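Each chain, letter by letter, is given below.
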Amino acid sequence: MIKKLLIANRGEIALRIHRACREMGIQTVAVHSKADAEAMHVRLADERVCIGPAAASKSYLDIKSILAAAEITGADAIHPGYGFLAENATFAKMVEEHNITFVGPHPDHISLMGDKITGKKTVQALGIPVVPGSDGAIKDVKEALAFAKKNGYPVLIKATAGGGGKGMQVANNDTELKERLGIAKAEAKANFGNDDVFIEKYLTHPRHIEIQILADTHGNVLHLGERDCSIQRRHQKLWEEAPSPVITEKQRHDIGEKVVNAMKKLGYRGLGTIEFLYEDGQFYFIEMNTRVQVEHPVTEMVTGIDLVREQIRIAAGKVLTLQQKDIKIRGHAIECRINAESPETFMPCPGRIDFNHVPGGLGVRVDSAVYTGYTIPPHYDSLVSKLIVHADDRPKCLARLRRALSEYVISGIETTLPLHRKLAENADMQKGDYNIHWLEKVFLKGQ
Ligand code: MV4
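Predicted, not measured: the structure shown is a model, and the values here were computed from it.

The rules behind each value
Residues numbered from 1 in each chain as written. Predicted model: local features only at pLDDT ≥ 70, side-chain atom pairs only at ≥ 80, totals over all residues. Heavy atoms only, no water. Pairing = 2+ DSSP bridges. Helix = DSSP H or I, 4+ residues; strand = E, 2+ residues; numbered from the N terminus. Axes fitted to C-alpha atoms, helices over the stretch in contact; angles between N-to-C directions. Disulfide = S-S within 2.5 Å. Salt bridge = Lys/Arg side-chain N within 4 Å of Asp/Glu carboxyl O. Buried < 20%, exposed > 50% of the residue type's maximum accessible area, 1.4 Å probe, protein only. Core = buried A, V, L, I, M, F, W, Y, C linked by side-chain atoms within 4.5 Å. Contact = heavy atoms within 4.5 Å. Expected span 1.5 Å × (residues − 1). Arc of directions from axis to C-beta. Polar contact = N/O pair within 3.5 Å; in protein donor to acceptor, adjacent residues only side chain to side chain. Phe/Tyr/Trp six-rings, centres within 6.5 Å; stacked < 30°, edge-to-face > 60°. Lys NZ or Arg CZ within 6 Å of the ring centre and 35° of its normal. Near = heavy atom within 4 Å. Areas by Shrake-Rupley, 256 points an atom, 1.4 Å probe, with all protein chains shown as cover. Nonpolar A, V, L, I, M, F, W, Y, C, P; charged D, E, K, R; others polar. Domains from an automatic or database assignment. Buried area = accessible area lost by both parts, 1.4 Å probe.

Colleague: Can you lay out the sheet that holds strand β6 (residues 155-159) for me, pointing to particular residues and giving the numbers?
Modeller: The pairing of strands in a sheet comes from backbone hydrogen bonds and takes either a parallel or an antiparallel form. The three strands lie next to each other as β7-β6-β8, forming an open sheet whose pairing is antiparallel. Two strands lie at the open edges of the sheet, namely β7 (169-171) and β8 (197-201), each paired on one side alone. Ignoring which end each strand starts from, the neighbouring axes of this sheet average 25 degrees apart. Sheet topology note: the β6/β7 ladder contains three bridges and is antiparallel. Considered in β7, the bridge of Ile157 is made with Gln169.

Colleague: Report on the state of the cysteines, specifying residues and quantitative values.
Modeller: Summed over all chains, the structure comprises zero disulfides. Cys336 provides the cysteine sulfur closest to Cys229, a residue in no disulfide bond, and the two sulfurs are 13 Å apart.

Colleague: Explain the pattern of salt bridges to me, using residue names and the numbers behind them.
Modeller: Evaluated as defined, the whole model comprises 33 salt bridges. The shortest N-O distance in the salt bridge between Glu200 and Lys158 comes to 2.9 Å. Note that Glu200 is positioned in strand β8 and Lys158 in strand β6, a separation of 42 residues in sequence. For Glu200, a relative accessible area of 2% translates into the label buried. For Lys158, a relative accessible area of 12% translates into the label buried. Connected via shared salt-bridge partners are Glu210, Arg227, Lys237, Glu240, Glu295 and Arg337.

Colleague: Describe in detail the nonpolar core, supporting the description with residues and values.
Modeller: Ranked by internal contacts, the top residues of the largest apolar core, which has 36 residues, are Ile231, Trp239, Leu387, Leu401 and Leu423. Elements represented by at least two residues in this core include exactly β11 (236-242), β14 (332-339), β17 (364-368), β19 (383-391), α12 (394-407), α13 (417-425) and α15 (438-443). A total of five residues in this core trace back to one element, the largest contributor, which is α12. Not counting residues up to four positions away in its chain, the partners in contact with Ile231 are Gln236, Lys237, Leu238, Trp239, Leu423, Met429, Tyr434, Trp438 and Leu439. In terms of nonpolar packing, the next biggest core, distinct from the first, is built from 26 residues, Cys21, Leu214, Ile314 and Ile327 among them.

Colleague: For unusual backbone geometry, give the residues involved together with the corresponding values.
Modeller: At the junction of Tyr153 and Pro154, the peptide bond is cis and its omega measures out at -5 degrees in the coordinates. Along the chain, the position of Pro154 falls in the loop between α7 (141-151) and β6. Non-glycine residue Asn99 carries a positive phi angle of around 60 degrees. Positionally, Asn99 belongs in the loop between α4 (89-97) and β5 (101-102). Non-glycine residue Arg234 carries a positive phi angle of around 50 degrees.

Colleague: Tell me what's going on with the environment of Ile157, and back it up with residues and numbers.
Modeller: Residue position: Ile157 is located in strand β6. Its relative accessible area of 0% is what places Ile157 among the buried residues. Separated by 214 residues in sequence, Ile157 and Tyr371 have C-alpha atoms that sit 44 Å apart.

Colleague: Would you mind going over helix α9 (residues 249-266) in detail, with residue names and values included?
Modeller: Here α9 is 18 residues long and its end C-alpha atoms lie 26 Å apart, about the 26 Å a rise of 1.5 Å per residue gives. When we look at burial in α9, the residues that qualify are Gln251, Arg252, Ile255, Gly256, Val259, Val260, Ala262, Met263 and Leu266. Looking straight down α9, one finds its buried side chains confined to an arc of 165 degrees; they lie on one side. In this structure, α9 carries Glu249, Lys250 and Lys265 as exposed residues pointing more than 90 degrees from its buried face. Those residues of α9 that are buried lie in contact with α5 (107-114), α6 (116-125), β9 (207-215), β10 (221-233), β12 (270-279) and β13 (282-289). Positive phi shows up at Gly267, right after α9, with a value of about 75 degrees.

Colleague: If you had to explain the side chain of His296 to someone new, which residues and values would you point to?
Modeller: Topologically, His296 is positioned in helix α10 (residues 296-303). From its side chain, His296 meets the backbone oxygen of Gln293 in a polar contact 2.8 Å long. Once residues within four sequence positions are removed from consideration, His296 is found in contact with Ile13, Arg16, Arg227, Leu307, Val308, Arg365 and Lys386.

Colleague: Which residues make up the packing of aromatic side chains, and what values do they have?
Modeller: If you walk through the whole model with that rule in mind, you get eight aromatic pairs. When the centroid spacing of 5.5 Å and the interplanar angle of 75 degrees are considered together, the rings of Phe276 and Phe283 count as edge-to-face. Residue Phe276 shares its accessibility class with Phe283, and that shared class is buried. Ring geometry for Tyr371 against Tyr374: centres 5.2 Å apart, planes inclined by 55 degrees, an arrangement best described as tilted. Aromatic ring contacts, followed pair by pair, group Phe276, Tyr278, Phe283 and Phe285 into a single cluster. Sitting over the face of the ring of Tyr434, Arg207 holds its NZ or CZ atom 4.2 Å from the ring centroid.

Colleague: Describe the site of the ligand, naming the residues involved and giving the relevant values.
Modeller: Taken together, 17 residues surround the ligand, and among them Lys158, Glu200, Lys201, Leu203 and Glu287 come closest. Measuring from a nitrogen atom of the ligand, one finds a side-chain N or O atom of Lys158 at 3.0 Å. A distance of 2.7 Å separates a nitrogen atom of the ligand from a polar backbone atom of Lys201. Burial of the ligand by the protein amounts to 92% of the accessible area it has alone, namely 520 Å². Residue composition of the shell around the ligand, by class: eight nonpolar, five polar and four charged. Inspection of the shell around the ligand shows a minimum of three residues originating in each of domain 2 (132-201) and domain 3 (207-446).

Colleague: Describe the domain arrangement of the chain, naming the residues involved and giving the relevant values.
Modeller: Partitioning the chain into domains gives domain 1 (4-103), domain 2 (132-201) and domain 3 (207-446). A separation of 23 Å is found between the C-alpha centroids of domain 1 and domain 3. Across the boundary between the two partners, domain 1 contributes 34 residues, which contact 29 residues of domain 3. Interface area for domain 1 against domain 3, summed over the two sides, is near 2400 Å², with a carbon-plus-sulfur share of 58%.

See the structure below:
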C-alpha cells in the first residue's frame, strides 16, 4: 500500500486529498508556492516543501521541482488533483519512470483523450454514441462544405487539441463555414500549436450531462450515475447536480452500461468522466476527462462512495470491493461553486477574508480551504468554496440549499454567494428547466 503521498495541487482539492489520506493512514506531503505558505492543506500535511514562486508555471506546473520534492521526502505516490498537471501525460509518465505511483490513469489513456479526434473515434468504435461529425481532421474547405450539405446547418468547428470550449466556431451557412474554418485553424495553431480541426453537427439546446466511472487494474469497471453540469458561464461550471432532473432510471442504466463496456474494452484504470451533450432524449459524447473533477462531491453524496479514497486504492492495485448492483442513487445533491468574484461582472476579487461562517446541519457539506483571516492570492483560480447539499429528493434539496446559503457568510471579499441565492429561488431552476445556454441567455440577461 501507499505510505506517503505527495499532493501536487493547492486549495480545496489539496485539502480533499489530504483528508482521504489521513483516513487511510497515508502520510501526506504538501508542495506549495511562496504565495501558499499559509494555506490550510500545507498546515495540515505531515510534511511541506516550497517548490517555487507564486506563478503556477514556476511552482505547481514545474515537473522537475515536484519530482525533486517527491525524491527528497520519499513519497511513493503523487496525486495531481484537477487542473495543473492532472491531464499532462508527460508528467504521469515521468512520475512512473521515477518508480512513484501516479494516482491516475495510464499516461497513454491521458494522451488518447487529450486528442479530441482520437478520443472520439476510439469511444465511438467501443459503442458510445457520438455527435455526427467529420471523419477525423478536415483536410480542406470542400470536405467541410460536403459535410454541411449532407448533415445540414448549423455546424460547429472544433480544434482537435482543444477542449473546454477553446477554439470553437459555429457556422450557419456556406459563407460562414468557409470564413470560420480559416479562423478556427489559425486560433487552434496559436493556442495549441496544432491546427487540426474537425466539424460536427451543432446541437442548439443541449444539457451537459456526464457519467462518473471507476475502474480498477483487474478489469472491474463501475458507473456511478450522472451529473448535470449545464449551469455554466463561459465554460466555467457554477452549479452541478446529481441525479439530472431529466434522466430516467432506464436512461441511466443504458448509457451507464455502454460506458462501462467501452471502458472495459479500453482497459482504462482510475476515475474517469465521460462527458455528453444531451438533447431531445439522446446522448452524444463530447470528451472524456481522465481526472477527479471539481464536482465529484455530488456523486459522493448520492452514492455514499468516497471517490478519492477509491482512486488511491485503485492506484495501489487494490480490487474494487463494490459491484454494479451495490451502486444505488439515493436522494439528490447540488453543488454551488462559490468564487471570489463579483456576482454581477464575474471580475475576480482576491483579498483577505475578514469573516468566514460556514453553514452546517444535516445534509450540508462545505469543501473549502479558506478560513477567517486567510488572504486569497491573486495568482490562481477564484474558487473559494464548494457548498454541497444532500436531501431525499430535489425539492427538499433545494429547500436545504436555500437554508444553507442563508447561513453562509464570507466577508471582506466579493463572492458569487448572492448569485447562488437567486438561482436557488428561480422558477426555471426549481423545475429543472434549463440547458447549457440558460444561465447566460436567460437568467443573466434578466438580471
Ligand atoms: C458542442 C456543442 C454543440 N454541438 N458540440 C463546449 C466545450 C466542449 N467540451 C464542447 N462544447 C460544446 N460542444 C456540438 N456538436 C456545444 C458545446 C458547448 C458547451 C458544452 C458543454 C458545456 C457548456 C457549453 C457551452 C457552450 C458550448
